[in-house]
Every structure is written in C-alpha cells, then in structure tokens.
Amino acid sequence: MDKTVLNKLKNHAMGFASATLVRVELATEESRLKTKFQALGQKLYGAVQDDLLKAIKDDPSVLEIIGGIEESQKKIAELEKKLSKESAGKSEKA
C-alpha cells in the first residue's frame, strides 16, 4: 500500500479514537453530575421534611456538593466545546 494512504488511514483512526475518548469522558462527567444532583436532592428533601431550609445553606456537605456540581458543569462545557471543535475540523476536511 502507498504510504500516503496508510497515513490517511492512521490519521483518520486517531481522530476517531480521540473523538470517542472525549465522548466517553463527557458521558462519565454527566453521570457524575447526575449523582451530585441526586445527593443534593436528598439533602434538600431531608431539610424540607425537617423544616430546616435556612440551615441547609450553611451545611458544609451541601456547599461541597454545590461546588462539585459547578466543577462538573464547567468540565462538561469544556468537553462539549472540544467535541464540537473536533467535529468542525472533520467536516472541513471532508
């Protein structure tokens, strides 16, 4: 086979693998985000039952969950941006 054809195949395979890895990272981070929202929901549900909504805003565990949610949302936005850039780059090459 011609080296040019092999290089094109290799580059295409590497691009596909990279995009797949980003999609897996994105799915993993979305799953983590869902878990954090569930944990926050459980805390809020307990506070509503015990009529402690004002006290929950100062709960360190709630603040930690909220911080984790914000970090996950930022990471998801970065991964989606990276994925869209890779998709745009592939469509330009096609």
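All values derive from a computational prediction rather than experimental measurement.

So, about the overall build of the chain. A count of helical and extended segments in the chain gives three helices and zero strands. Moving toward the C terminus, one meets the helices and strands of the chain in the order α-α-α. The principal-axis extents of the C-alpha atoms in the chain amount to approximately 75 × 20 × 15 Å. Evaluated residue by residue, the chain yields a buried proportion of 18% over its 94 residues.

Below, the discussion takes up the environment of glutamate 29. Summarising the element assignment, glutamate 29 is placed in helix H1 (residues 3-49). Note: C-alpha distance between glutamate 29 and leucine 79 (50 residues apart in sequence) is 9.2 Å. Those residues within four positions of glutamate 29 in sequence are excluded, and the remaining contacts are Ser72, Lys75, Ile76 and Leu79.

Leu26, Leu40, Ile69 and Leu83 are the most contacted members of the largest nonpolar core, which has 13 residues in total. With residues up to four places along the chain from it excluded, the contact list for leucine 83 reads Ala19, Val22, Arg23 and Leu26.

A separate point is the pattern of salt bridges. Tallying each qualifying case throughout the model produces two salt bridges. The salt bridge partner of arginine 32 is glutamate 29, with a shortest N-O separation of 3.0 Å. Residue arginine 32 and its partner glutamate 29 are both found in helix H1; the two are separated by three residues, about one turn of the helix. In this structure arginine 32 comes out as partly exposed when scored by relative accessible area, which is 43%. Glutamate 29 is the partner of lysine 75 in a salt bridge, and the nearest nitrogen-oxygen pair spans 3.9 Å. Taken as a pair, lysine 75 in helix H3 (residues 60-93) and glutamate 29 in helix H1 lie far apart in primary sequence, 46 residues in all. Overall, the relative accessible area of 36% leaves lysine 75 in the partly exposed class. Take glutamate 29: its relative accessible area is 5%, and that puts it in the buried class. Overlapping salt bridges bring together Glu29, Arg32 and Lys75 as one network.

Calculation criteria
- Residues numbered from 1 in each chain as written.
- Predicted model: local features only at pLDDT ≥ 70, side-chain atom pairs only at ≥ 80, totals over all residues.
- Heavy atoms only, no water.
- Helix = DSSP H or I, 4+ residues; strand = E, 2+ residues; numbered from the N terminus.
- Buried < 20%, exposed > 50% of the residue type's maximum accessible area, 1.4 Å probe, protein only.
- Contact = heavy atoms within 4.5 Å.
- Core = buried A, V, L, I, M, F, W, Y, C linked by side-chain atoms within 4.5 Å.
- Salt bridge = Lys/Arg side-chain N within 4 Å of Asp/Glu carboxyl O.

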